[in-house]
Amino acid sequence: MEDCIFCKIAQGQIPSTFLYEDDQVVVINDINPQTPVHMLVLPKKHIQSLAAAQEEDRDLLGHMLMTAKNMARERGVAESGYRIIVNTGRDGAQTVQHLHMHIMGGKQLPEQMV
Ligand code: 5GP
Ligand code: ZN
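Structural notes, computed from the coordinates. Each chain carries its own residue numbering, running from 1 in the direction its sequence is written. The lettering of chains begins at A and the numbering of ligands begins at 1, in the order of writing. The predicted nature of this model means local features are confined to residues of pLDDT at least 70 and side-chain atom pairs, given and counted, to a pLDDT of 80 or more, with totals for whole chains, interfaces and linings taken over all residues. In computing side-chain properties, one takes all heavy atoms of the structure into account and sets aside hydrogens as well as water.

This brings us to the layout of surface pockets. Method remark: on a 1 Å grid restricted to protein atoms, a set of points is classed as a cavity if a 1.4 Å probe fits but cannot get out and as a pocket if it is open with protein on both sides within 12 Å along at least five of seven lines; lining residues have an atom within 4 Å of a point. Grid points are joined across faces, edges and corners, and a volume is the space filled by probe spheres set on the points. There is about 600 Å³ of room inside the largest pocket. For the purposes of this entry, the term helix denotes a DSSP run of H or I that reaches at least four residues, the term strand denotes a run of E that reaches at least two, and both are numbered from the N terminus. Going through the elements one at a time, α1 (5-10), β2 (25-29), β3 (37-43), β4 (82-85) and β5 (101-105) are the ones with two or more residues in the lining of the largest pocket. Ranked by residue count, the leading element in the lining of the largest pocket is α1, at 3 residues. Among the residues forming the lining of the largest pocket, the class breakdown is 13 nonpolar, 13 polar and 2 charged. Side-chain classes are defined by residue name, with Ala, Val, Leu, Ile, Met, Phe, Trp, Tyr, Cys and Pro counting as nonpolar, Asp, Glu, Lys and Arg as charged, and the others, Gly among them, as polar.

Structure, rendered in structure tokens:
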């Protein structure tokens, strides 16, 4: 999709370091990390948000979660633990309108989000 920053990153139009790439997803470090480990899983397909995902995206959503799990292990936080976040829509404070999964770890996270 034109003018979508995550489409441009996933398609290689904006140079970025891919921590992982396959035919469906890429994984990058968040540009503004909130935790020592803060990665983003981006689908190559443009989907605006989790709310916009369709039944046909079921396998992709599962693949994103398995990719997150594998990346957490690769980055050494599988045992200490981590948090997966999918901010969705206005109240979810989604700022980039292309579905993405945060993988956050490397420190004790607060029990309460709000
Ligand atoms: P959300 O939409 O879930 O609130 O957050 C979007 C996330 O994407 C933020 O954590 C922000 O730091 C990150 N982000 C925004 N633009 C870029 C970018 O150009 N490159 C990278 N690596 N991360 C980005
Ligand atoms: Zn996009």
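Here the narrative resumes.
Attention shifts here to the site of ligand 1. If you check the shell around ligand 1, you find 16 residues, and the closest are D30, A93, T95, H100 and H102. When atom positions are compared with the pocket grids, ligand 1 is found to occupy the largest pocket. Of all elements in the fold, only α1 and β2 reach the threshold of two or more residues within the shell around ligand 1. The dominant element in the shell around ligand 1, judged by the number of residues it contributes, is α1, at 3 residues. Nearness here has a simple test: a residue counts as near a molecule or strand if at least one of its heavy atoms is within 4 Å of that partner. To decide whether a molecule occupies a pocket or cavity, check its atoms: if more than half lie within 2 Å of the grid points, it is inside.

Attention now goes to the sheet that holds β3. For two strands to be treated as a pair, DSSP must find no fewer than two bridges joining them. Strand order across the open sheet formed by 5 strands is β1-β2-β3-β5-β4, with antiparallel pairing between neighbours. Of all the strands in the sheet, just β1 (20-21) and β4 have a single pairing partner and so form its edges. With 4 bridges connecting them, β4 and β5 associate as antiparallel partners. Paired with Y82 across the two strands is G105, which belongs to β5. Whether two residues are in contact is decided by their heavy atoms: any pair within 4.5 Å suffices. Fitting a line to C-alpha atoms yields each axis, with helices limited to the stretch in contact; the angle taken between N-to-C directions then spans 0 to 180 degrees. Contacting β1, β2, β3, β4 and β5, helix α2 (residues 58-74) runs over the sheet at an angle of about 155° to β3.

A few words on the side chain of D22. Structurally, D22 can be placed in the loop between β1 and β2. Exposure is judged per residue with a 1.4 Å probe applied to protein chains only, and the accessible area is read against the type maximum: over 50% gives exposed, under 20% gives buried, and values in between give partly exposed. In this tally, Asp and Glu contribute negative charge and Lys and Arg positive charge; neither His nor the terminal groups of the chain are included. For this analysis, a salt bridge means a side-chain nitrogen from Lys or Arg found within 4 Å of a carboxyl oxygen belonging to Asp or Glu. For the buried D22, no salt bridge is present, and the opposite-charge side chain at shortest range is K44, 6.0 Å distant. Polar side-chain contacts of D22 include one of 2.9 Å to the backbone nitrogen of V25. Reaching out from D22, the side chain makes a polar contact with the side chain of H63 at a distance of 2.6 Å. Ignoring sequence-local partners within four residues, the contact set of D22 consists of K44 and H63. Residues adjacent in sequence count toward polar contacts only when both atoms are side-chain atoms; beyond that, a polar contact is any pair of N or O atoms within 3.5 Å, and within protein one must be able to donate a hydrogen and the other to accept it.

What follows is about the pattern of salt bridges. Under the defined criterion, the tally for this structure stands at 6 salt bridges. Residue K44 pairs with E21 through a salt bridge whose shortest N-O separation is 2.8 Å. Within this pair, whereas K44 is found in the loop between β3 and α2, its partner E21 is found in strand β1, the two being separated by 23 residues in sequence. Note that D91 and R90 form a salt bridge whose closest N and O atoms lie 3.3 Å from each other. The exposure class of D91 is exposed, given its relative accessible area of 72%. Look at the salt bridges and you will find they share partners, linking K45, E56 and D57 into a network.

Quick look at the pairing of β5 now. Counting buried residues along β5, 5 of its 5 residues qualify, which places the element largely inside the surrounding structure. Burial along β5 is two-sided: M101, I103 and G105 and H102 and M104, pointing in opposite directions, are all buried.

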